[in-house]
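Below, each chain spelled out in residue letters.
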Amino acid sequence: MLAGVSTRKFAVVGEPVGSAVEASSSATGKSTISELFIECTRTALAELMSRRLDDVRLAVMMLDALAIAERTHVVALGISTDGVKIPLGLWEGSTENATLARLLLADPVDRGLDPEQAILFVIGGSKALRKAIGDVFGSNALVHRCHRHKERNATDQLPERDRDQLRGRMRAAGSLSDPEVARERLELLASELDRTWPDAGGSLREGMTETLTLLRLGIGGQLAKTLSSTNPCESMIEIVRHTQRNVKHWQDGDMRKRWTAAGMLVAEQQFRRIIGYRAPAARSPPPCGTTPAR
């Protein structure tokens, strides 16, 4: 069913098992298959949300949202120090909900994740989620704002004809190796926008320091490209959407969560290690406003 086969066609696509078995079989009807799928996806959801994390050495946690039939799922993807991607869980609700944000971050800790690890969190622009990271993981938590989210937030304030130029200048600043020079370029760009599109300038300034976290950590090359956005998490979400493509009627209860959990586990089977994971470990970032030692 996750591959797109309907309950009505299940018996048609099954491999031949012999006439004797087929003559006595009774477990290929639409209702039976539906009940079995519900049971299996409920098991998948329980497995995902109870997975122990005691022995996981997490380097990165990415969080993003998935909209399903007027509801929102917040999904978390972890990346270990060995570059392995790990689905960490899903929660129903908005990242702007402060209570939910704290609960979803506390849940991996309850399952054994060591909050004393120096984890890099890659997130969009949720203020509630940003505060919850500090509340749960304290000063050891490093936060990087997703460059793609930041680009969309800023360019959406401009007419279509001006968006490519703004996007190009933002990416040029982000590709620099010196965080202070990059910050100066972004500040100059925000000042220019203040005269014509002040909302875009304000969007660019919001969380600007955390868009430069990778630079302050000294992370570059392919690893920086991988971690600069929540694209690895969004790739998992695309697989989840693909597994749900034939669902026409969403029912109440845990149906959405069951399908999302099952899709995340399907995505996990396709995961590869992130590009650049063998790069040298990043250094601790210097205080804001200072330039890292060369």
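Overview of the structure. Bear in mind that the values here come from a model prediction, so they are computed numbers and not experimental data. (Residues numbered from 1 in each chain as written. Predicted model: local features only at pLDDT ≥ 70, side-chain atom pairs only at ≥ 80, totals over all residues. Heavy atoms only, no water.)

### Some remarks on helix H7 (residues 160–174)
Here is step 1: Given a rise of 1.5 Å per residue, 15 residues ought to cover 21 Å, and the 22 Å separating the end C-alpha atoms of H7 matches this to within 8%.
Here is step 2: Those residues of H7 that sit buried are Leu166, Met170 and Ala173. Looking down the long axis of H7, one finds its buried residues gathered within 60° of arc, a one-sided arrangement. Along H7, exposed side chains directed more than 90 degrees from the buried face belong to Arg161, Asp164 and Gln165.
Here is step 3: For H7, the elements touching its buried residues are helix H6 (147–155), helix H8 (179–196) and helix H9 (198–205). (Helix = DSSP H or I, 4+ residues; strand = E, 2+ residues; numbered from the N terminus. Expected span 1.5 Å × (residues − 1). Buried < 20%, exposed > 50% of the residue type's maximum accessible area, 1.4 Å probe, protein only. Arc of directions from axis to C-beta. Contact = heavy atoms within 4.5 Å.)

### Details of the sheet that holds strand S3 (residues 85–92)
Here is step 1: Strand order in the open sheet formed by 5 strands is S3-S2-S1-S4-S5, with mixed pairing between adjacent strands. The open sheet has two edge strands, S3 and strand S5 (142–145), and neither has a second partner. Taking each pair of neighbouring strands and ignoring which way they run, the sheet shows an average axis angle of 20°.
Here is step 2: Here strand S1 (residues 58–68) runs beside strand S2 (residues 71–80); their pairing, made up of 10 bridges, is antiparallel. Paired with Leu58 across the two strands is Ser80, which belongs to S2.
Here is step 3: The sheet contacts of helix H5 (residues 127–137) involve S1, strand S4 (120–123) and S5, and relative to S4 the element is tilted by about 165°. (Pairing = 2+ DSSP bridges. Axes fitted to C-alpha atoms, helices over the stretch in contact; angles between N-to-C directions.)

### Topic: the packing of aromatic side chains
Here is step 1: Taken as a whole, this structure holds 3 aromatic pairs when the rule is applied.
Here is step 2: Taking the centre distance of 4.7 Å and the plane angle of 50° together, the rings of Phe37 and Trp259 count as tilted. With a gap of 222 residues between them, Phe37 in helix H3 (residues 30–50) and Trp259 in helix H14 (residues 255–270) connect regions that are remote in the sequence.
Here is step 3: With relative accessibility at 13%, the residue Phe37 sits in the buried group.
Here is step 4: Considering the side-chain rings of Trp250 and Trp259, the 6.3 Å spacing of their centres and the 80° angle between planes classify their relative orientation as edge-to-face.
Here is step 5: According to the relative accessible area criterion, Trp250 is partly exposed, its value standing at 21%.
Here is step 6: On the accessibility criterion, Trp259 (7% relative accessible area) is buried.
Here is step 7: Taken together, the ring pairs connect Phe37, Trp250 and Trp259 into an aromatic cluster. (Phe/Tyr/Trp six-rings, centres within 6.5 Å; stacked < 30°, edge-to-face > 60°.)

### Considering the pairing of S3
Here is step 1: Of all 8 residues making up S3, 7 are buried, and the element is well covered by its neighbours.
Here is step 2: Hairpin connection of S2 to S3: 4 residues between the antiparallel strands, including Gly83 at a positive phi of 85°.

### Brief notes about the nonpolar core
It is characteristic of soluble globular proteins that their nonpolar side chains tend to be buried jointly.
Here is step 1: Counting 29 residues, the largest nonpolar core has Leu227 and Met236 as its most contacted members.
Here is step 2: Elements that contribute at least two residues to this core include exactly H3, S1, S2, S4, helix H11 (213–217), helix H12 (221–227), helix H13 (231–243) and H14.
Here is step 3: Residue contacts for Met236: discarding those within four places in its chain leaves Val75, Ala76, Leu77, Pro87, Met264, Ala267 and Phe271.
Here is step 4: Counting 24 residues, the second largest nonpolar core, distinct from the first, contains Leu53, Met61, Phe137 and Ala141. (Core = buried A, V, L, I, M, F, W, Y, C linked by side-chain atoms within 4.5 Å.)

### A closer look at the pairing of S2
Here is step 1: Among the 10 residues in S2, 8 count as buried, and that is most of the element.
Here is step 2: Hairpin connection of S1 to S2: 2 residues between the antiparallel strands, including Ala69 at a positive phi of 45°.

### Some details on empty space enclosed by the protein
Here is step 1: One pass over the full model with this rule turns up 1 cavity of 30 Å³ or more.
Here is step 2: As for the largest cavity, its lining consists of Gly124, Gly125, Arg145, Cys146, His149, Lys150, Asn153 and Glu206.
Here is step 3: The element best represented in the lining of the largest cavity is H6, accounting for 3 residues.
Here is step 4: Along the lines of polarity and charge, the residues of the lining of the largest cavity split into 1 nonpolar, 4 polar and 3 charged. (1 Å grid on protein atoms, 1.4 Å probe; cavity = no way out; pocket = protein on both sides within 12 Å on 5 of 7 lines; lining within 4 Å. Points joined across faces, edges and corners; volume = space filled by probe spheres on them. Nonpolar A, V, L, I, M, F, W, Y, C, P; charged D, E, K, R; others polar.)

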